[in-house]
Amino acid sequence: MTASSTKRESFDVRILRQAAPGEPSRWETFRIPYEPNLNVISVLQKIAAMARNAEGKETTPVAWDCNCLEEVCGACTMVINGRVRQSCSALVDRLLEEHEGEIELQPMTKFPVVRDLVVDRSRMFRALEKVKAWVPVDDYYDRGAGPRESQESQEERYPLSECMTCGCCVDACPQYSKVEVERRPNESIEEHQARQAEAEKSEFLGAAPISQAMLFNRHATGAMLADDRLNALSGPGGIQVCGNAQNCVAVCPKEIPLTTSIARAGRQTTVHAIKKIFDR
Ligand code: SF4
Ligand code: SF4
Ligand code: FES
């Protein structure tokens, strides 16, 4: 506990709230009795239990997402005091120290808001589908041992495999723009999702899917789909959109070497394009 936190009785949390997709947003402030060793998720639990804002007025509980509570699932990602990160690992004592007693929470900026701090990250999962971020399985018959993996390849792939699709890298990326298609009256969720996916089709894939493509291209069996992945990375919204600003690598909570993956993807797509010319 720090000297300043021992004197504190309460602290304020400002939250950017939004009732539903497409609705206007508004700030609301909550006053929380101080306790040592809180994280942002425990603060949100206290807010949900109070359902009153700092002015003492009754209000709706703030919505947020979480799952693992140990920085593994990525579900609790939000913008905390201006920095995109996981709320389960954001410690209140440290935030109050660094930001003069204030905590400000906002939903991620590049995904459609579902409610309050909950966003829809489907675009990232669709991007993983686009780059076929998996090891292909033909069938479930026993076909014997697959190709051996070298220690060197394993060491190269392991850091990339730590990605939790949290979205920090794309939220911080200047080349990644928000795409939000409004739901029409009487439109089903499936129809709306299909229109949303269509609108994103040529938008930038982002650093995480590029890095996942490199992870699976480096895997001996995963490499069977290497050409498909390189076609996806060479197409609209692919590697050429990256401006090399390197914001992605700076904010990745898993310290994944994203710019190394991006450079590797650049080389692989160039060789792939040259090969295609000679294969004609
Ligand atoms: S690369 Fe890092 S920042 Fe991006 S989604 Fe994966 S874990 Fe999150
Ligand atoms: S290096 Fe590329 S992916 Fe990373 S933040 Fe910059 S533009 Fe985005
Ligand atoms: S709850 Fe899973 S990363 Fe925070």
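Reading the values: rules and limits
- Residues numbered from 1 in each chain as written.
- Chains lettered and ligands numbered in written order.
- Predicted model: local features only at pLDDT ≥ 70, side-chain atom pairs only at ≥ 80, totals over all residues.
- Heavy atoms only, no water.
- Near = heavy atom within 4 Å.
- 1 Å grid on protein atoms, 1.4 Å probe; cavity = no way out; pocket = protein on both sides within 12 Å on 5 of 7 lines; lining within 4 Å.
- Sits in = over half its atoms within 2 Å of the grid points.
- Nonpolar A, V, L, I, M, F, W, Y, C, P; charged D, E, K, R; others polar.
- Phe/Tyr/Trp six-rings, centres within 6.5 Å; stacked < 30°, edge-to-face > 60°.
- Helix = DSSP H or I, 4+ residues; strand = E, 2+ residues; numbered from the N terminus.
- Buried < 20%, exposed > 50% of the residue type's maximum accessible area, 1.4 Å probe, protein only.
- Lys NZ or Arg CZ within 6 Å of the ring centre and 35° of its normal.
- Domains from an automatic or database assignment.
- Contact = heavy atoms within 4.5 Å.
- Buried area = accessible area lost by both parts, 1.4 Å probe.
- Salt bridge = Lys/Arg side-chain N within 4 Å of Asp/Glu carboxyl O.
- Polar contact = N/O pair within 3.5 Å; in protein donor to acceptor, adjacent residues only side chain to side chain.
- Axes fitted to C-alpha atoms, helices over the stretch in contact; angles between N-to-C directions.
- Parallel < 35°, antiparallel > 145°, perpendicular 65-115°, else oblique.
- Left-handed = near helix turned anticlockwise from the far one by under 90°.
- Pairing = 2+ DSSP bridges.
- Disulfide = S-S within 2.5 Å.

### So, the site of ligand 2
Around ligand 2 sit 13 residues, and of these Cys173, Cys242, Ala245, Gln246 and Cys248 come closest. Under a 2 Å grid-point criterion requiring more than half of the atoms, the pocket assigned to ligand 2 is the second largest cavity. Classifying every residue of the shell around ligand 2 gives eight nonpolar, five polar and no charged.

### A short note on the packing of aromatic side chains
Within this structure, the stated rule accounts for two aromatic pairs. Their ring planes at 75° and their centres at 6.4 Å tell us that phenylalanine 11 and tyrosine 34 sit as a pair that is edge-to-face. Separated by 23 residues along the polypeptide, phenylalanine 11 in strand β1 (residues 10–18) and tyrosine 34 in the loop between β2 (25–33) and α2 (40–50) bring together distant segments of the chain. Taken individually, phenylalanine 11 and tyrosine 34 each receive the classification buried, so the pair is uniform in this respect. With centroids separated by 6.3 Å and ring planes inclined at 65°, the aromatic side chains of phenylalanine 111 and tyrosine 176 adopt a geometry described as edge-to-face. One end of the pair, phenylalanine 111, is in the loop between β5 (102–106) and β6 (113–115); the other, tyrosine 176, is in the loop between α6 (168–171) and α7 (189–200), and 65 residues separate them in sequence. Each member of the pair, phenylalanine 111 as well as tyrosine 176, carries the same accessibility label: buried. Across from the ring centre of tryptophan 27, 4.0 Å away, lies the NZ or CZ of arginine 14, which sits over that ring. Over the aromatic face of tyrosine 176 sits the side chain of arginine 123, whose NZ or CZ is 3.8 Å from the ring centroid.

### What about the domain arrangement of the chain?
Taken domain by domain, the chain consists of domain 1 (3–115) and domain 2 (121–279). Distance between the C-alpha centres of domain 1 and domain 2: 31 Å. Contacts between the two partners involve 17 residues from domain 1 and, on the opposite side, 19 residues from domain 2. With both sides pooled, the region where domain 1 packs onto domain 2 buries about 1,500 Å², and carbon together with sulfur makes up 55% of that total. Ranking the residues of domain 1 by area buried against domain 2 places Val84, Lys110 and Phe111 at the top, with a combined share of 43%. Run the count over domain 1 and domain 2 and you get zero salt bridges. The tally of links between domain 1 and domain 2 comes to five residue pairs in polar contact (both at pLDDT 80 or more). Among the elements of the structure, β3 (77–80) and β4 (83–86) are those that each provide at least two residues to the side of domain 1 that touches domain 2. Among the elements that line the side of domain 1 that touches domain 2, the one with the most residues is β4, at three residues.

### Section: the packing of helix α8 (residues 207–217) against helix α9 (residues 226–234)
Running from amino to carboxyl end, α8 crosses α9 at an angle of 160°, the nearest separation of the two axes being 10 Å. In terms of their interaxial angle, α8 and α9 are classed as roughly antiparallel. Note on packing geometry: the crossing formed by α8 with α9 is left-handed. Facing α8, whose interface residues are Ile210, Ala213, Met214, Phe216 and Asn217, α9 presents Ala226, Arg229, Leu230 and Leu233. In terms of residue class, the contact of α8 with α9 is built from seven nonpolar, one polar and one charged.

### A short note on the site of ligand 1
Of all residues adjacent to ligand 1, which total 13 residues, the nearest are Cys163, Cys166, Gly167, Cys169 and Cys252. Taken together, the residues of the shell around ligand 1 break down into eleven nonpolar, two polar and no charged.

### A word on the pairing of β2
Inspection of the sheet shows β1 paired to β2 by nine bridges, in the antiparallel sense. What sits directly across from glutamine 18, in β2, is serine 25. Adjacent in sequence and paired antiparallel, β1 and β2 are bridged by six residues, among which glycine 22 carries a positive phi angle near 80°.

### A look at the state of the cysteines
The term disulfide refers to a covalent linkage connecting the sulfur atoms of a pair of cysteines. The final tally for this structure, using the stated rule, is zero disulfides. Lacking any disulfide linkage, cysteine 66 is separated from the closest cysteine sulfur, that of cysteine 76, by 6.9 Å.

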